Amino acid sequence: MALNLIITGVGGQGNVLASQVVGKAAVKRGLRVTIGETFGLSQRGGPVMSHIRLSRKRDYGPLIPPNKAHIIIGLEPLETIRVLPEYGNSETTFVVNSWPVYPLNVIADEVEYPDTERIRSILEDAGGKLYWLDATRLAIDLGAPILLNMIMLGTLCALPDFPLQMYDFKDVLVDMFPESRLELNYKALEIGNEFITENEN
Amino acid sequence: MKGISQRSGDIHLLLQGNEAIARGALEAGVVFCAGYPGNPSSEIIETLAEAARDLPIYVEWSVNEKVAVEAATAASFTGCRAIVVMKQNGINVALDFLTNLTLSGTRAGLVLVTCDDPSGISSTNEEDARIFARIIDAPLLEPTTPQEALVMTTWAFELSEKIENIVMIRSVSRLSHTRTRVLINELPSFDPRPHFDTGLSFHTFPVVAKHKMRHEKLDLARVLFEKSSFNHYEGAVRPELLIVSSGCAWTYVTEAVDILELSDRVGTLKLGTTWPLPKGFLKKHLAKCDRVLFVEDVDPFLEDNVKSFGADICMEIGPKEYMGKASGHTPSCGEQTPASILRVLGRLFSVDWQDHAFMDKVSPIVKDIAPPREFGLCPGCPHRGSYYAIKTALAWDDRDGFVSGDIGCYTMGIWPTGFNQVKSVHAMGSGLGLASGYGKLDRFGFHQPVVTVCGDSTFFHAAIPALINAKFNGADVLLLILDNSATAMTGFQPHPGTGKTAMGTKTDPVDMEALCRSLKVDVEVADPYDMLSTAKIIYRNMQQKGPRVLILRRKCALVEGRERGFPYKMRVDQDLCLGEECGCDRYCLRIFRCPGLVWDKHAQKAKIDGVICVGCGICSDICPQRAILREERE
Amino acid sequence: MVSRVLRGRLLLDHIGPTYTEVLKRQMESSASGAQDRLINKVIDKGLCVACGACVGLCPYFHYFDGKVLAMARCSRDTGRCVEICPLIDRGDIALDKMTSDVMNTPEIGPYKKIIMACSLDKEINEKAQYGGVVSSLITYALGKDIIRSAILTDAGDGYAPAGTVARSRSDVIGCAGSRYTASAGLEALNMAIKTGEQKLGIVGLPCQMEALTRMRHMGSDGENRANSIVLKIGLFCTWALDYRSLFADLRNRGLREPILKCDIPPPPAGVFQICTRDGWREFPLNDIRPFIKKGCSLCQDMTAEWSDISVGAIEGIDEWNTVVLRTDLGLRLMEQATEDGVVKVDDLPKKNLMHLAEASFNKKERGRLTRGEIR
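Residues numbered from 1 in each chain as written. Chains lettered and ligands numbered in written order. Predicted model: local features only at pLDDT ≥ 70, side-chain atom pairs only at ≥ 80, totals over all residues.

**Some thoughts on the overall build of chain C**
- Scanning chain C from N- to C-terminus turns up 13 helices and 17 strands.
- The buried share of chain C, taken over its 375 residues, is 45%. (Helix = DSSP H or I, 4+ residues; strand = E, 2+ residues; numbered from the N terminus. Buried ≥ 20, exposed ≤ 12 C-beta atoms within 10 Å, placed from the backbone.)

**Quick word on the overall build of chain B**
- For chain B, the helix and strand inventory stands at 21 helices and 24 strands.
- Here chain B has a C-alpha radius of gyration of 27 Å; the compact-globule value for 634 residues is 26 Å, and the two agree.
- By its C-alpha atoms, chain B is 80 × 70 × 60 Å across when sized along the principal axes.
- Considering chain B as a whole, with its 634 residues, one finds that 56% of them fall into the buried category.
- Of the contacts made within chain B by residues no fewer than 6 positions apart, 80% connect residues no fewer than 24 positions apart. (Rg over C-alpha atoms; globule rule 2.2 N^0.38 Å. Contact = placed C-beta atoms within 7 Å.)

**Considerations on helix α4 (residues 88-104) of chain B**
Residue and element names in this part refer to chain B.
- Spanning 17 residues, α4 covers 23 Å between terminal C-alpha atoms, matching the ideal 24 Å at 1.5 Å per step.
- Most pronounced at A94, the bend in α4 amounts to some 65°.
- Of all the residues in α4, the buried ones are Q88, N89, G90, I91, V93, A94, L98, L101, T102 and L103.
- Remark: G105 follows α4 within two positions and exhibits a positive phi of approximately 85°. (Expected span 1.5 Å × (residues − 1). Bend = angle between axes of the 7 residues up to and from the residue.)

**Examining unusual backbone geometry**
- The peptide bond linking F205(B) to P206(B) adopts the cis configuration, its omega dihedral lying at -10°.
- Along the chain, P206(B) turns up in the loop between β8 (179-184) and α8 (207-226).
- Following W275(B), the chain continues to P276(B) via a peptide bond in cis, the omega torsion being -5°.
- Phi at D161(A) is positive, roughly 75°, even though this residue is not glycine.
- Mapped onto the fold, D161(A) is located in the loop between α6 (148-156) and α7 (166-176).
- Its identity as a non-glycine residue notwithstanding, D398(B) has a phi of 60°, on the positive side.
- With respect to the helices and strands, the residue D398(B) is situated in the loop between α15 (382-397) and β15 (402-404).

**Some details on the nonpolar core**
- L48(B) and A150(C) are the most contacted members of the largest nonpolar core, which has 370 residues in total.
- When residues of this core are assigned to their parent elements, the largest contribution, nine residues, is made by helix α6 (residues 146-163) of chain B.
- Residues within four places of A150(C) in sequence aside, it is in contact with I138(C), L142(C), A166(C), V172(C), L200(C), G201(C), I202(C) and V203(C). (Core = buried A, V, L, I, M, F, W, Y, C linked by C-beta atoms within 7 Å.)

**Observations regarding the arrangement of the chains**
- Of all two pairs of chains in contact, the one with the most contacts involves chains A and B.
- For the non-touching pair chain A and chain C, the nearest C-alpha separation works out to 10 Å.

**Quick look at the interface of chain A and chain B**
- Contact residues are listed per partner, giving 51 residues for chain A and 51 residues for chain B.
- Elements with a minimum of two residues in the side of chain A that touches chain B: α1 (15-28), β2 (32-39), α2 (77-87), α3 (104-107) and α4 (116-125) of chain A.
- Top contributing element to the side of chain A that touches chain B by residue count: β2(A), with seven residues.
- The sheet contact formed by β2(A) and β8(B) spans two bridges and is antiparallel. (Pairing = 2+ DSSP bridges.)

**Focus on the interface of chain C and chain B**
- At the junction of the two partners, chain C supplies 17 residues and chain B supplies twelve residues.
- Every element with two or more residues in the side of chain C that touches chain B is listed here: β3 (61-64) and β4 (67-70) of chain C.
- The class makeup of the residues in the side of chain C that touches chain B is eight nonpolar, five polar and four charged. (Nonpolar A, V, L, I, M, F, W, Y, C, P; charged D, E, K, R; others polar.)

**So, the sheet that holds strand β5 (residues 93-97) of chain A**
- Ordered in space as β6(A)-β5(A)-β4(A)-β1(A)-β3(A)-β2(A)-β8(B)-β1(B), the eight strands form an open sheet in which the pairing is mixed. The open sheet has two edge strands with one neighbour each: β6 (130-133) of chain A together with β1 (11-16) of chain B. Strand-to-strand twist in this sheet, taken as the mean axis angle between neighbours without regard to direction, amounts to 20°.
- Note: β5(A) against β6(A), four bridges, orientation parallel. Looking at the pairing, F94(A) lines up with L130(A) of β6(A).
- Together, β1 and β8 of chain B form the strand contacts of helix α1 (residues 17-27) of chain B, whose direction differs from that of β1(B) by roughly 125°. (Axes fitted to C-alpha atoms, helices over the stretch in contact; angles between N-to-C directions.)

**Brief notes about the packing of helix α3 (residues 65-77) of chain B against α4(B)**
Residues and elements named next belong to chain B.
- Contact geometry for α3 and α4: axes closest at 7 Å, N-to-C directions at 40°. Considering the angle they form, α3 stands oblique to α4. Contacts between α3 and α4 involve E65, K66, V69, E70 and T73 on the former and, on the latter, G90, V93, A94, D96, F97, L98 and L101.
- Tallied by class, the residues present in the contact of α3 with α4 amount to six nonpolar, two polar and four charged. (Parallel < 35°, antiparallel > 145°, perpendicular 65-115°, else oblique.)

**Quick notes on the sheet that holds strand β14 (residues 321-323) of chain B**
Residue and element names in this part refer to chain B.
- With mixed pairing, the five strands of this open sheet are ordered in space as β9-β11-β10-β13-β14. If you trace the sheet from one side to the other, it starts and ends with β9 (232-235) and β14, each paired once. Adjacent strand axes in the sheet meet at a mean angle of 20°, parallel and antiparallel pairs treated alike.
- For β9 and strand β11 (residues 266-270), the ladder comprises four bridges, and the chain directions are antiparallel. When the sheet's bridge partners are listed, E234 is paired in β11 with T268.

**Points about the pairing of β8(B)**
Residue and element names in this part refer to chain B.
- The element β8 is largely enclosed, with a buried count of five among its six residues.
- The pairing of β1 with β8 spans six bridges and is antiparallel. Following the sheet pairing, L14 is matched in β8 by R181.

**A word on the domain arrangement of chain B**
- The assigned domain composition of chain B is domain 1 (3-226), domain 2 (232-348), domain 3 (382-562) and domain 4 (566-632).
- Here the C-alpha centroids of domain 1 of chain B and domain 4 of chain B sit 50 Å apart. (Domains from an automatic or database assignment.)

**Topic: the environment of Y63(C)**
Residue and element names in this part refer to chain C.
- The topology assignment puts Y63 in strand β3.
- The exposure class assigned to Y63 is buried, which follows from the 26 C-beta atoms found within 10 Å.
- Along the chain, Y63 and E373 lie 310 residues apart, while their C-alpha atoms are 28 Å from each other.
- Excluding residues that lie within four positions of it along the chain, Y63 makes contacts with A50, G52, V55, V68, A162, A184 and E187.

**Looking at the environment of D609(B)**
All names here are of chain B.
- Relative to the elements of secondary structure, D609 occurs in the loop between β23 (605-608) and β24 (628-632).
- Distance in space between the C-alpha atoms of D609 and G334 is 36 Å, their sequence separation being 275 residues.
- The residues contacting D609, other than those within four sequence positions of it, are G596 and V598.

**So, the environment of S160(B)**
All names here are of chain B.
- Turning to its location among the elements, S160 is positioned in helix α6.
- S160 gets classed as buried once you count the C-beta atoms within 10 Å, which come to 27.
- In the structure, S160 is positioned 49 residues away from V111 in sequence and 7.2 Å away in space, judged by C-alpha atoms.
- If near-sequence neighbours (up to four positions away) are discounted, S160 is found in contact with T106, G109, L110, V111, N165, I166 and V167.

**What about the confidence of the model for chain C?**
- Mean pLDDT for chain C: 87, with 88% of residues reaching 70 or above.
- Interface predicted TM-score (ipTM) for the complex: 0.96; the corresponding pTM is 0.94. (pLDDT = per-residue confidence, 0-100.)

Given below as structure tokens:
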């Protein structure tokens, strides 16, 4: 059976890059991996969802079947809760950035953005484990909001049962970033990693 | 050399479906590659263009899909392998040439890749390009995974040379954009020696004889297909149900069979060569059971063709119950998904696969509180300024004017992000074609002004004939070229106006203004960030007769952000901001709708979202209180 | 859907509204905000006279090229735009009370004195319509620092005339002359108030004078806004013309813009005169009447009753103006200007006063009847 991972968020949050890092690291480790990406018309601001399927034995299709996600990485709270009924189950682990990216219809006061605490409690009640962190704030403090995706990747390798380690990701980043930016991205990975280990108990 | 252009093989790489197709072409020794950008196909040409840095191949973004096929065909006629790539709509553009090309035949391997977009995730339509294989009598291959896409592409060149005709490969968004571990093979040596053999000729005459030859070529392909490893059967010897499937949907079928534990009750027939049908192979498997279910993306292509063949041989294989789109077992349109397949198989075999307890718990709550995410132009997008100016000019004019739209990021003008200004969108260049028609209706009492928009790339692709038509027939047309110096929607590919080719070489850019002026059409240029001045220019042009062009020029915000960055750090002075008071009513948020401006619940005032805002500064001009401040960035 | 063929024609039975129609209706029925009332009752009915009172208060209304336009939908339940609009009935406010020492006639409204006057300023007389009293008084008030700036109507800069802020004698002279088209002058007032201007004078039409009176009762800041205006000079007006349709027609008659001057000489001339670079041209008044603003037919105020001073022409005496002095301020300003030799005054002939009262009464009656018909 594959390990099914979803990274969901909004265009511009670095979702596609994050899933590529996972994919490349998996290939380096000799794992089978399939990544399906869904994005719409807009370059920025639309929902973006990556399905990542890791396996030691066989290749799986690019879409995870209903309610079969083991881990859901939410770069944005609303987008996380959106995938919950379709892909989550009572054992799904959630790692969620609590910082909202408001849809235009919310900005225009036509619909309401759900209270983030409400989102948190729904995810908590879903049954599995929830890690809730203000990752955009951590990224801003570290230097730039775009580091969000690396912080979230850092959380991933601290999760029990996740087959890739921090050094796998770091190994891949070497080929993807100029040397001048490596250190900052490594730091972001570590921040995410520490968050999980500190909240593990 | 690393990555896609490495010569050595037997290595696993993480490749996207489109990259795998590109690698497959390279492994076949392709030397000429052409295409027109369009989701989900663009990465194939982009990947090949990247490979062209290391390998002696030629890659171009052509002005449109028809020209792309023509250019690639020239390579084939001179003995060089060539590939041409487009999205589903592109085939419509290229079809006139293709119907003739398959009569004349080709020489070196020529492969046409079409990437369909089931569910129209990033398209204006949902179209199944496979039917064109039937129309032009070209063999059709449908890969299921990136790995197969690679191998199939390489083989397609062999096939093309064997039958001396073009071969079609059909991908879908889901496959094109899937990344997976792919085993690559060694590259051949590239040693093209193009020569047009004047002893040969390529034309369609005598037409009927050539048509007959075309059918014979197809029969030849069929013979090869019978033994193709792209087709295979998996499952029980005497299954209760035979599932016939192709493309990406097949991967969902196999997984659904596993999930429902049906592997010893059903048989799965995976077809990779879907036109012409491998009849012998099919017949053998159709004979296995009485119930056949078709699972495929978009149209019932396999379904119709297999049913038709089934009728031909029904005396031998007996009557069948065919299930699929016609019977309503599978959705008649939209993308196939694991859920859609689980649904139909679950129903046919009475297996309950859903986690009802979980669904019942979370579904209603989420449905209740999660609003949809509206389509939006990016922060800093010049189109927001353009549409604001257009909306202002149309409102000032007050004659119920409207916008005839076209294809690109600015298609989003149909939605609130573009202030719902665009009232029609069809094909590339059609906005102006329609407008040239509206522009002749005045004699019947039609006096609504029509403004038409088209992007820079779209202008070159298909709007020029429409502009000439407007000039020729003296139509009252105002064309706004939303020139953001890129084919932005599909990922910033260069076009004739950018001064750069697909391979990155500098080229003399085609001057839009000069082109229009040569038609003696009035041309002006305005800045979409200066919304008020631009609105005045649009208004003034709307009062005039004959065809006019106004170029609204500003670089795509994503490109600008990458290249130079924006000059401002924006701030809302909340002491000045009126919030919901009379005199504002959240104007910047409700009406202007930029994602970088959000509501500060605590202060009940607007504020800048520092993570989203890029600092273009145009919102400062729409605030009635001048409360949105531009501060120079250090 | 039932359809049948009758004598070779396909007849479609009523199939109810289309999907789009249903959506439109839902949007209209939910239109209950303040701005919606203004749009439904005034703008969509074509009754807006383009006084400009609602323009510049918010971004939802623009005045452009002779028209007031709703640019976007506001969602507020209450709004100053409705409160200030002179075309919206407002039974709830008794418009400004008048002091008891004025004559209050049913025809001409409240006044202290009616006279005739003319400017003694040669430059103004050359440019101005009739007696030049308005330009002279404004110039005088600016010079004496009674007002710091004045809201006037410009000649239009490639578009229809619009409101403008005059701060000097040359600004004022540049605006002299009648326009006969509605020009939303109050937009300029609203913008001036927004930038913090005080001690403003304004010249406007009767509808605009009424809007200024409503302004005091408007929203939270009406009082403050009204207090920044110190002098209101109203112009007599029987109707205004719609700029866009008028000039579309005139263009078809071969007229070339820009317009330098317009005139409608007092009866019985019955003509509309217009001066361009090609010289003066004359059109029968009846040809022009179709372009009268529809909303003007509802108006019951010919003599600008809500102003400090109202000024108009005099039948048969071309070089003079009729001047109605309505408030102490108006009276004092006229006296000072006379003393300082800026204008000269004389008694208005009885016959002219009677004509004025009659014309004004007739407009009131017509307005009252039309208002009843339309509402």
